[in-house]
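Inside the fold
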2 protein chains.
Amino acid sequence: MHNKLLVIGLLLGTTLLSYGQDDKLDMTTIQKIREEGLQHSQVMETAFYLTDVNGPRLQGPGFIKAANWAKGKLAGWGLQNARLESWGDWGQGWAVEHSYLAMTAPYYKTIIAVPRAWSGSTNKLQAADILYISASDTTALESYRSRLKNKIILLDQSYKITPTFRSDANRYNDEQLQKMANESVTPQAGPDTTMRSRMLAMRTQNAFNQKMRKLAKQEGALGMLNTTQNSVDGTLFVSGDYANAALGATPDDLADLSIAVEDYLTLCRLMKAGIPVKLEIDVKTKFYKDDIKGYNVLAEIPGTDPKLKDEVVMLGAHLDSWHAATGATDNAAGSSVMMEAVRILNTIGAKPRRTIRIALWSGEEQGLHGSKNYVTKHFVDPATNKLNKEGENVAAYFNVDNGTGKIRGIYLQENLAAGPIFSQWLKPFADLGATTVTPKNTGGTDHLFFDRVGLPGFQFIQDPIEYSTRTHHTNMDTYDHLIPDDLKQAATVVAAFVYNAAMRDQKIPRKAPAANTAR
Amino acid sequence: MHNKLLVIGLLLGTTLLSYGQDDKLDMTTIQKIREEGLQHSQVMETAFYLTDVNGPRLQGPGFIKAANWAKGKLAGWGLQNARLESWGDWGQGWAVEHSYLAMTAPYYKTIIAVPRAWSGSTNKLQAADILYISASDTTALESYRSRLKNKIILLDQSYKITPTFRSDANRYNDEQLQKMANESVTPQAGPDTTMRSRMLAMRTQNAFNQKMRKLAKQEGALGMLNTTQNSVDGTLFVSGDYANAALGATPDDLADLSIAVEDYLTLCRLMKAGIPVKLEIDVKTKFYKDDIKGYNVLAEIPGTDPKLKDEVVMLGAHLDSWHAATGATDNAAGSSVMMEAVRILNTIGAKPRRTIRIALWSGEEQGLHGSKNYVTKHFVDPATNKLNKEGENVAAYFNVDNGTGKIRGIYLQENLAAGPIFSQWLKPFADLGATTVTPKNTGGTDHLFFDRVGLPGFQFIQDPIEYSTRTHHTNMDTYDHLIPDDLKQAATVVAAFVYNAAMRDQKIPRKAPAANTAR
């Protein structure tokens with residue numbers, strides 16, 4: 001890396017590069033950012049504490065522990081006003097205290113299993129038979145009523161597992177990046193019916209599962225097994241019935257377990273073949289009601305320009321995670337990158353004109369609650385439903401939440417006016433693979449509510465690595481699935497973007513409110 | 001598949017194809033074999049019983065149960081003399097009766113763990129601290145003596161996990177197959193020093209582990225954790241200290257567990273960072289001493305030619321497996337294929353001139369014991385160390401033991417004279433992807449001792465699929481990792497090879513004894 005730095009210094013020749021009328025890049029500072037971010041990174045130490053040391057950061061006590069650690073760390077680095085700020089009531093906290101599932105007949109086999117979030121307990125080791133159910137409508141459900149006592153419920157699944165001839169991990173190639181850069185922003189012809197029908201199917205399935213669980217609990221069933229088509233090779237995709245946290249899940253609810261698809265299908269085949277199967281199960285979960293509030297972590301590097309210091313450049317990532325592992329790529333990665341970005345800026349003694357504010361959100365996994373409530377509470381006038389003064393002062397928001405992959409560019413979220421600015425800002429990072437500005441929207445994370453209220457909120461393009469195959473919401477989302485060099489690069493790029501946004505004369509241009517098409 | 005059959009029938013026009021002076025292929029029968037093997041296959045039902053229903057087939061009771069089932073199935077299909085035949089004393093049987101491992105501090109996490117074969121027990125749920133050991137020489141080992149009581153031992157490992165940008169599953173492409181076909185059999189310039197140094201390193205490590213376990217047991221340690229570099233994503237590579245079966249392992253030995261590499265490295269990092277870690281462990285294994293013999297399964301389709309029926313064409317696969325899963329690709333696949341091959345031949349009413357004998361070996365995983373002892377006992381005169389009369393009567397031996405991949409050809413094992421014969425035999429299966437004859441040796445399985453005593457023993461080339469990445473000796477070697485179409489193809493090709501070998505005038509040519517270079 002050091003050689004590349006030298007080369008760039010020589011090529012640039014000067015420390016102020018003018019790309020346009022407004023954006024004179026402070027190359028001296030950018031070089032310091034690169035030096036600190038690439039040569040003296042602490043991003044993996046931060047990630048280690050957020051993952052290995054802290055454990056899962058599920059909304060509730062797991063998150064709170066990490067949030068307090070992050071607050072302390074940010075304050076320790078010298079950021080101002082490091083704080084936890086409540087975004088409102090959430091619901092019960094929850095954690096696993098014991099989890100064990102095995103098949104004991106026709107032979108013994110431990111089953112890879114993780115309780116789904118807000119699952120109930122069996123409270124002790126219990127032997128259980130399986131109730132194998134093929135029905136998926138509630139009429140048929142009633143017919144199982146009398147057979148549920150002490151049973152573990154297994155719904156028929158006909159997944160077909162095939163070996164994968166594609167790699168788990170990937171990086172974007174030049175062609176793919178070029179294609180993203182060339183995308184147009186013409187609105188879709190109509191609503192996304194695929195997504196809509198998928199959501200509908202999911203809702204139907206969830207409604208069935210809810211009814212099933214209610215009936216099963218009444219009738220004294222012990223547990224229920226789940227899996228997904230892609231939960232192969234020991235990698236389990238696990239989330240949870242998060243409506244339950246608010247809807248009053250209790251410890252005496254069914255034990256609700258996600259298991260490996262291979263084990264699931266073995267159980268299905270044995271039941272279909274009439275082979276007697278016995279399970280043993282021991283699940284203990286704990287519900288926390290002492291603090292039902294949700295919190296975000298916030299901290300600042302104060303602005304230094306009297307005219308601009310009330311304006312704020314925000315950077316953020318959600319710090320909460322699902323619980324089957326330690327949420328390394330979703331999203332200790334993004335949280336560590338954002339923390340590292342402000343550490344870099346602080347360490348090199350950056351004096352931003354605008355105030356820089358880091359936000360580590362929570363409740364993201366259950367519906368972007370932290371960022372949504374923060375944006376609504378701080379930036380929107382409830383009377384007019386338009387931006388208030390504080391909202392008008394937001395210069396930009398940058399988000400990272402796509403795993404461990406390095407930054408390859410940025411999504412404009414259809415804010416075309418920002419394109420030339422970001423293209424210029426990316427130029428000093430072309431050697432690190434960050435080159436592409438795409439007009440496209442990207443969704444599913446915390447920039448969305450900034451965008452929705454008319455603030456310029458952006459998410460970076462990251463190499464997908466093994467996000468959808470191995471880590472996103474899985475039991476394998478662990479520290480070892482992080483790529484140190486990629487996180488260092490990401491923190492470096494983000495630090496420069498945030499710094500640039502805090503220094504330029506104008507705020508980042510905004511879309512006209514009507515153009516808010518974030519989904 | 002049916003269309004292809006028709007096409008071939010039309011192309012061939014005749015039912016007897018003459019490729020050489022000796023080998024008139026009986027295309028009518030080959031067509032029947034294809035029809036039965038591809039259209040009316042039972043290979044997956046067989047595989048289902050050997051895996052899902054039977055469970056692990058580790059040398060001992062797990063194997064015996066499967067062996068008796070296979071014997072009954074072969075007899076039920078109409079094979080003659082279906083029997084279990086002892087190959088001599090083996091040692092204790094062993095199975096897992098309970099297995100649970102979790103981290104309880106700094107937070108709760110179930111750890112994916114499988115006891116290594118012939119591991120001891122903890123017999124109840126025990127809380128335990130970790131003793132983290134960086135030393136790998138026995139001098140340093142002594143210094144840990146007083147600290148072993150109630151500890152679980154974790155040896156320092158510095159594996160670096162990186163995401164894989166290659167697919168888990170692969171098939172051979174034309175170029176690779178051509179390269180194999182063009183291989184020469186010039187002997188290696190010298191001994192394989194890489195292999196030798198790797199074996200040496202493994203022996204040193206094993207010796208250290210043995211000493212460690214002995215010391216740890218004396219001092220009252222509870223268990224020991226292991227992992228491998230490639231035990232990623234929930235796929236654990238697990239075998240066992242099989243010397244122990246003979247060397248008198250006992251239930252009060254250390255619990256000896258293989259765990260996921262991500263969990264292993266998390267524990268290492270936490271210990272290095274001085275974070276207090278607590279585990280809880282509950283392992284119960286059972287040792288079986290009621291029958292310490294090893295057995296092979298054998299059955300025959302009797303020859304019908306008075307002059308040739310004392311000669312025998314053998315086909316075989318090892319039926320035993322490791323225990324972390326159900327040994328689907330290693331080697332229920334090969335066993336099911338071989339059983340299916342004789343089922344096909346029996347079903348179509350084949351009347352082979354020579355006797356066809358199927359062998360399902362055991363003790364393969366611990367050193368090819370079943371096949372080695374069978375060959376030695378049946379085919380070698382102990383006085384002269386040369387083939388006896390029974391050995392002289394072996395026309396050929398065919399083996400399948402490379403996973404679920406379809407057959408792409410055959411290894412000649414440097415028996416060049418067999419090349420033209422097998423090339424002809426493969427021609428009717430070119431449309432199924434089986435085309436390649438390579439002079440190369442392949443090792444590691446049960447054809448080796450046939451080859452070593454001068455008998456023509458062969459193993460087929462199979463597509464590697466995900467054998468080395470996901471299934472071979474792993475906890476993921478399960479039914480769902482089998483590819484039905486590939487197994488059907490393999491059984492069909494094998495049935496034809498066996499039939500051809502049983503029908504041709506001459507036995508398959510043999511190498512001169514001096515040329516036996518099997519490794």
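What you are looking at is a predicted structure, and each value in this text was computed from that prediction instead of being measured.

All names here are of chain A. By the criterion of burial, helix α13 (residues 419–426) is predominantly enclosed, with six of the eight residues buried. When α13 is considered as a whole, its buried residues turn out to be Gly-419, Ile-421, Phe-422, Gln-424, Trp-425 and Leu-426. On its buried face, α13 sits against β2 (24–26), β17 (394–399), β18 (407–411), β19 (436–438), β20 (457–462) and α16 (484–503).

Residue-level contacts link 54 residues of chain B with 52 residues of chain A. Taking both sides of the interface into account, the surface hidden between chain B and chain A amounts to around 4300 Å²; carbon and sulfur atoms contribute 60%. Counting every contact that joins chain B to chain A gives eight salt bridges. The shortest N-O distance in the salt bridge between Arg-269 of chain A and Asp-52 of chain B comes to 2.4 Å. The interface formed by chain B and chain A includes 22 residue pairs in polar contact (both at pLDDT 80 or more). Contributions of two or more residues to the side of chain B that touches chain A are made by α3 (43–53), β4 (93–105), β5 (109–110) and α9 (261–272) of chain B. Looking at the side of chain B that touches chain A, its residues break down into 24 nonpolar, 16 polar and 14 charged.

Residue and element names in this part refer to chain B. Counting buried positions along strand β12 (residues 293–301) yields eight of nine residues, so the element is predominantly enclosed. Pairing geometry for strand β3 (residues 80–89) and β12, over seven bridges, is antiparallel. In the sheet register, Leu-84 faces β12, and the bridge partner there is Val-297.

To continue, consider the packing of helix α10 (residues 328–347) of chain B against helix α16 (residues 484–503) of chain B. All names here are of chain B. Contact geometry for α10 and α16: axes closest at 8 Å, N-to-C directions at 55°. What the angle tells us is that α10 and α16 run oblique. Remark: the crossing between α10 and α16 carries right-handed chirality. On the side of α10, the interface is formed by Ala-333, Val-337, Met-338, Glu-340, Ala-341, Ile-344 and Leu-345, while α16 contributes Leu-487, Ala-490, Ala-491, Thr-492, Val-494, Ala-495, Val-498 and Tyr-499. Here the contact of α10 with α16 is built from residues that sort into 13 nonpolar, one polar and one charged.

With respect to burial, helix α3 (residues 43–53) of chain A is a largely interior element, nine of its eleven residues being buried. The complete set of buried residues in α3 of chain A reads Val-43, Met-44, Thr-46, Ala-47, Phe-48, Leu-50, Thr-51, Asp-52 and Val-53 of chain A. Looking at the packing, one finds that the buried side of α3 of chain A touches α4 (61–77), α10 (328–347) and α16 of chain A together with α9 of chain B. Trailing α3 of chain A by a residue or two, Gly-55 of chain A shows a phi angle of about 90°, which is positive.

Residue and element names in this part refer to chain A. Across the sheet, which stays open at both edges, the eight strands sit in the order β3-β12-β14-β13-β17-β20-β18-β19 with mixed pairing between neighbours. The outermost strands of the open sheet, each flanked by one partner alone, are β3 (80–89) and β19. Put simply, the sheet's adjacent strands are angled 25° from each other on average, direction ignored. Across the sheet, α4 touches β3, β12 (293–301) and β14 (355–361), and the angle it forms with β3 is around 155°. Against the sheet, α13 touches β17, β18, β19 and β20, its axis set at about 165° to β19.

Once that is clear, we can look at the environment of His-369 of chain B. Residue and element names in this part refer to chain B. Position of His-369 among the secondary structure elements: in helix α11 (residues 369–379). When the C-alpha atoms of His-369 and Val-185 are compared, they prove to be 28 Å apart, with 184 residues separating the residues in sequence. What His-369 contacts, discounting residues up to four positions off in sequence, is Trp-87, Trp-90, Ser-362, Gly-363 and Glu-364. A distance of 3.0 Å separates the side chain of His-369 from the backbone oxygen of Gln-366, its partner in a polar contact.

Screw-axis analysis of chain B against chain A gives a translation of 0.0 Å along the axis, an RMSD of 0.1 Å, and a rotation angle of 180°. What the superposition gives is, in effect, a two-fold axis relating one chain to the other. The share of interface residues of chain B whose copies in chain A are also at the interface is 96%, consistent with both copies meeting through the same surface.

Moving on to unusual backbone geometry. All names here are of chain A. Cis rather than trans, the peptide bond between Ala-105 and Pro-106 has omega equal to 10°. Of note, Pro-106 is situated in the loop between β4 (93–105) and β5 (109–110). The omega torsion of the bond from Asp-330 to Asn-331 falls at 10°, within 30 degrees of zero and hence cis. Note on placement: Asn-331 falls in helix α10. A positive phi angle, close to 70°, is found at Trp-118, a residue other than glycine. Looking at the secondary structure, you find Trp-118 in the loop between β6 (113–115) and β7 (126–133).

Looking now at the sheet that holds β7 of chain A. Pairing between the strands of a sheet comes from backbone hydrogen bonds, and it takes one of two forms, parallel or antiparallel. All names here are of chain A. Pairing is mixed in the open sheet, where eight strands are placed in the order β5-β4-β11-β7-β8-β9-β10-β6. A single partner strand is all that each edge strand has here, and the edge strands are β5 and β6. Pairing analysis gives three bridges linking β6 to strand β10 (residues 255–259), with the strands arranged antiparallel. Residue pairing in the sheet places Val-114 in a bridge with Ser-258 of β10. Contacts from helix α9 (residues 261–272) reach β4, β5, β7, β8 (151–155), β9 (223–226), β10 and β11 (278–288), with the element oriented near 100° to β8.

Attention now goes to the UniProt feature "domain: Peptidase M28" (unreviewed entry) in chain A. Taking the numbering used here, the UniProt-annotated feature "domain: Peptidase M28" (unreviewed entry) corresponds to residues 296–498 of chain A. Between the first and last C-alpha atoms of residues 296–498 of chain A the distance is 20 Å; the span itself is 33% helix and 22% strand.

Before going further, it helps to spend a moment on the confidence of the model for chain A. Residue and element names in this part refer to chain A. On average, residues of chain A carry a pLDDT of 91, and 90% of them reach 70 or more. Across residues 1–21, where pLDDT falls below 50, the model places 34 contacts with residues more than four positions away in sequence or in other chains. Across the interfaces of the predicted complex, the ipTM metric reaches 0.93, alongside a pTM of 0.93.

Turning next to the side chain of Asn-393 of chain B. Looking at the secondary structure, you find Asn-393 of chain B in the loop between α12 (389–392) and β17 (394–399). The residues touching Asn-393 of chain B, leaving out its near neighbours within four places in the chain, are Asp-310, Glu-311, Val-312 and Lys-507 of chain B.

By the definition in use, this model includes 43 aromatic pairs over all chains. Aromatic side chains Phe-379 of chain B and Phe-450 of chain B sit 6.0 Å apart centroid to centroid with 50° between the ring planes, which places their arrangement in the tilted category. Of the two residues, Phe-379 of chain B is situated in helix α11 and Phe-450 of chain B in helix α14 (residues 448–452); the sequence distance between them amounts to 71 residues. Relative to Phe-450 of chain B, the ring of Tyr-397 of chain B has its centre 4.0 Å away and its plane inclined at 5°; by these criteria the two rings are stacked. Here Phe-450 of chain B lies in helix α14 and Tyr-397 of chain B lies in strand β17, a separation of 53 residues in the sequence. For the pair Tyr-397 of chain B and Phe-450 of chain B, a shared accessibility class is recorded, and that class is buried. Each residue in the set Phe-398, Phe-422, Trp-425, Phe-458, Phe-460 and Phe-497 of chain A is aromatic and connected to the rest through ring pairs, giving one cluster. Here the basic side chain of Arg-452 of chain A rests over the ring of Phe-449 of chain A, its NZ or CZ set 5.0 Å away from the ring centre.

How each quantity is defined
Residues numbered from 1 in each chain as written. Chains lettered and ligands numbered in written order. Predicted model: local features only at pLDDT ≥ 70, side-chain atom pairs only at ≥ 80, totals over all residues. Heavy atoms only, no water. Buried < 20%, exposed > 50% of the residue type's maximum accessible area, 1.4 Å probe, protein only. Helix = DSSP H or I, 4+ residues; strand = E, 2+ residues; numbered from the N terminus. Contact = heavy atoms within 4.5 Å. Buried area = accessible area lost by both parts, 1.4 Å probe. Salt bridge = Lys/Arg side-chain N within 4 Å of Asp/Glu carboxyl O. Polar contact = N/O pair within 3.5 Å; in protein donor to acceptor, adjacent residues only side chain to side chain. Nonpolar A, V, L, I, M, F, W, Y, C, P; charged D, E, K, R; others polar. Pairing = 2+ DSSP bridges. Axes fitted to C-alpha atoms, helices over the stretch in contact; angles between N-to-C directions. Parallel < 35°, antiparallel > 145°, perpendicular 65-115°, else oblique. Left-handed = near helix turned anticlockwise from the far one by under 90°. Least-squares fit on C-alpha atoms with pLDDT ≥ 70 in both. UniProt positions renumbered as here; feature names shortened; annotations may be inferred. pLDDT = per-residue confidence, 0-100. Phe/Tyr/Trp six-rings, centres within 6.5 Å; stacked < 30°, edge-to-face > 60°. Lys NZ or Arg CZ within 6 Å of the ring centre and 35° of its normal.

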